[in-house]
Amino acid sequence: MTHQPSPLDIPSFATTQLSLLASELAAETAETSLLVSSFSPAGLARAGLAILNLTPTSQRTGLGGKTVVELSLDSAVVGKGKDGADIPEHGIRVGDIVAVQEQISGAAKKREKEGAAKKGVEGVVLKVGREKVEVALDKEEVELPGGKLWMMNQTMSKLHAFNESDYTPFIRVLFGLTTPTPVPADLSSMDNPTWIDPMLNSSQKDAIKFALASREVALIHGPPGTGKTHTLIELILQLLAQKKRLLVCGPSNISVDNIVERLAPHKVPMIRLGHPARLLPSVLYHSLDMLTRTSDAAVIVQDVRKEMDAKQASIRKTRNGRERRAIYGELRELRKEFRERERGCVEGLVRGSRVVLATLHGAGGFHLKGQEFDVVIVDEASQALEAQCWVPLLWVKAGKLVLAGDHLQLPPTIKSLNMKNKKEVKESAEEKGGEKAAMDKDGAKRSQKDIARGAVKGITLETTLFDRLLAMHGPSIKRMLTTQYRMHEKIMTFPSQELYESKLVAADAVKTRLLTDLPYEIRDTEDTREPLVFWDTQGGDFPEKTEDEEISKTAGKGVSLGESRSNELEAALVKVHVSNLVVAGLKPEDIAVVTPYNAQLAILSQLLKEAYPGIELGSVDGFQGREKEAVIVSLVRSNAEHEVGFLGEKRRLNVAMTRPKRHLCVIGDSDTVGRGSKFLKRWMEFLEEHADLRYPNVSDVYVDEREGG
């Protein structure tokens, strides 16, 4: 029996995406303006979102003619003799988009604040040191917070404007207008390629052969720990052996850098597009920034760069206004010449490269527009918005798509679904939809309300391209990797049964390994010899607490960025368990504590960060794609109403329970959690039957807290 896809009307799909993206942009803008309007600069600094009292100490020219400014603490403000003072603790990281603007006092009038913001310059953080921060400024080309969404809007508008003659056979398959060219169900009759990695397992080989044989589209489904990226590297090498040209993308810089690092030992001729501030140091050698400095073509760019740097330096030395203006004029001309030369150099480098790697939205840059690729590969496709995936598919010419991911883990985070104040977001979206209206085929502007009328029901921004293609064409376009190399068999069993059709198999090297088998000395205790522990707090002695995040309290009446839950006694129990593991010899850096709630994370941070330096704490959502030897999951929910909120999301729990290698400890109230859904009920029953089951005593936790501080 063949799977008959229901075709999707492409203009309606594009209008749906435009409507959803407008809501998302409105939610993002609302959240940012709420932050800025609710906090004084000092408040933003306390929250780790700003650094105050900085002054420029030097300036130079970076890639693309961008001005790079170095900022240090102003000795006039922090006190005389304090040159080189340490910048206070903050949450600003390399690659962050920041605004550099004049510091206005908290008491300043709204108009003054808005004026300072308008005069400010956006930029990307290049370096963060103890005493200084480097920011690449560029008013023209900087990627603003809404930049990714803007690029997706452009892409969906382009798709909407397509005529039927623009629909390539490839695009027709992606919308179900035609079915994919069949691939034999049994690929064993196909000739085996010469495998570059002899250690590949049979499911990995099968997925690679399937992707090579597919004409238009192939999905590689990689459950946790099954070597999805490992499989993609072999696929890339096999495609290169067939003389194919490839564009490899991912939703985040880290997902792309991961592939660059793994390809590097194979001496593959490749280029990594992207802002150097956002790339891992180990991949910079393959970046455009480095290649435009070191390649043969780079020489023509270097002399202009030197001249620009000299002009930048002379501006700082001259006090004469007329001279400064003249130098700025010369600098403008030089920057124009620099960009033209650099563009020529870059174009030659990119065209000559067999493998180009970029983030999905980065693939829409001018470097790639109109270039031809045989195959587009998207890693972590289940964490990418569908509109994001269309950026490389519409701005370059491609004939085949390979998506790799796991649709049973968390989808991309969507702010417009989570914001409480939906009315504000909706109004703002309608405004934005009016401003950035899509064009229909007659060229007439369509307002957001018109766009919404053409919407396709059942599609949200959480519906990824991976999800939609699988639902449309069925499992014939997918191959699943089935051997996992991360988890002890007992940790793997429940997610395998519930979500992966019991198809996961633990590799021999991992299926029975425990904390006691680590290469350093660990004492054999009731904790270290158990792969699965469940502290069941049922009985109401470990109640949760609801609290608006700190920001909501400060933001004023009627404004909330969402409630969060915490459970102090459960956090204390986490500390007891961590302490037992560390006393037995486990290094804190081999332990992670994850929880779905930010308020709980704040409490855990206070309890554990100082006591156990090196321990990793994180939200479940933030820990996707990561792994640790031991993972403790704090479920938090415990209430008389048996409400579980977003804990009921299967994919979130799947992430939580598949991070550990040797030891998983779950702490929660089976009475509350087990009534949340059928899935949760089965999980609680599984833990009661298969885990080392423990019932904590509140007085023991209190005693530990008093003794341990």
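Provided above is the structure to which this section pertains.
Residues numbered from 1 in each chain as written. Predicted model: local features only at pLDDT ≥ 70, side-chain atom pairs only at ≥ 80, totals over all residues. Heavy atoms only, no water.

**Topic: the pairing of strand E11 (residues 375–378)**
In summary, the side chains of a regular strand alternate between the two faces of the sheet.
Consideration 1: Burial of the side chains of E11 extends over both faces: Val375 and Ile377 are buried on one face and Val376 and Val378 on the other.
Consideration 2: Where strand E7 (residues 246–250) and E11 come together, four bridges link them in parallel fashion. Residue pairing across strands places Leu247 opposite Val376, the latter belonging to E11.
Consideration 3: With three bridges connecting them, E11 and strand E13 (residues 401–405) associate as parallel partners. Bridge pairing in E13 places Val378 opposite Leu403. (Buried < 20%, exposed > 50% of the residue type's maximum accessible area, 1.4 Å probe, protein only. Helix = DSSP H or I, 4+ residues; strand = E, 2+ residues; numbered from the N terminus. Pairing = 2+ DSSP bridges.)

**Overview of the pattern of salt bridges**
Consideration 1: As enumerated under the stated definition, the model contains 27 salt bridges in all.
Consideration 2: A salt bridge links Glu386 to Arg468; the nearest nitrogen and oxygen atoms lie 2.7 Å apart. Of the two residues, Glu386 is situated in helix H13 (residues 386–395) and Arg468 in helix H17 (residues 465–473); the sequence distance between them amounts to 82 residues. The two residues Glu386 and Arg468 agree in class, both being buried.
Consideration 3: Put simply, Lys661 and Glu629 hold a salt bridge, and the shortest N to O gap is 3.6 Å. With Lys661 in strand E25 (residues 660–668) and Glu629 in strand E24 (residues 628–634), this residue pair connects regions lying 32 residues apart in the sequence.
Consideration 4: The buried category is assigned to Glu629, whose relative accessible area is 12%.
Consideration 5: Among the ionic contacts, a cluster of salt bridges with common partners joins Arg486, Glu627, Glu629, Lys661 and Arg662. (Salt bridge = Lys/Arg side-chain N within 4 Å of Asp/Glu carboxyl O.)

**Focus: the state of the cysteines**
Consideration 1: In this structure the tally under the stated criterion is zero disulfides.
Consideration 2: This cysteine, Cys389, is not joined by any disulfide, and Cys249 carries the nearest cysteine sulfur, 8.8 Å off.
Consideration 3: Under the relative-accessibility criterion, Cys389 is labelled buried at 1%. (Disulfide = S-S within 2.5 Å.)

**Some thoughts on the nonpolar core**
Across soluble globular proteins, nonpolar side chains have a tendency to be buried as a group.
Consideration 1: In this structure, Leu159, Ile171, Leu247, Leu368, Trp390, Leu401 and Leu403 are the most contacted members of the largest nonpolar core, which totals 67 residues.
Consideration 2: The element contributing the most residues to this core is helix H12 (residues 321–351), with eight residues.
Consideration 3: The contact partners of Leu247, leaving out residues within four places of it in the chain, are Val356, Ala363, Leu368, Phe373, Val375, Val376, Ile377, Pro392 and Val396.
Consideration 4: Met492, Tyr500, Leu504 and Ala691 belong to the second largest nonpolar core, which has 40 residues in total. (Core = buried A, V, L, I, M, F, W, Y, C linked by side-chain atoms within 4.5 Å. Contact = heavy atoms within 4.5 Å.)

**Structural notes on the packing of helix H8 (residues 228–241) against helix H9 (residues 253–263)**
Consideration 1: Packing of H8 against H9 leaves a shortest axis separation of 10 Å and a crossing angle of 60°. Viewed along their axes, H8 and H9 adopt a mutual orientation that is oblique. Once H8 is placed against H9, the crossing between them reads as right-handed. Residue-level contacts link Thr229, His230, Leu232, Ile233, Ile236 and Leu237 of H8 to Asn258, Ile259, Arg262 and Leu263 of H9.
Consideration 2: Per-class residue counts for the contact of H8 with H9 are six nonpolar, three polar and one charged. (Axes fitted to C-alpha atoms, helices over the stretch in contact; angles between N-to-C directions. Parallel < 35°, antiparallel > 145°, perpendicular 65-115°, else oblique. Left-handed = near helix turned anticlockwise from the far one by under 90°. Nonpolar A, V, L, I, M, F, W, Y, C, P; charged D, E, K, R; others polar.)

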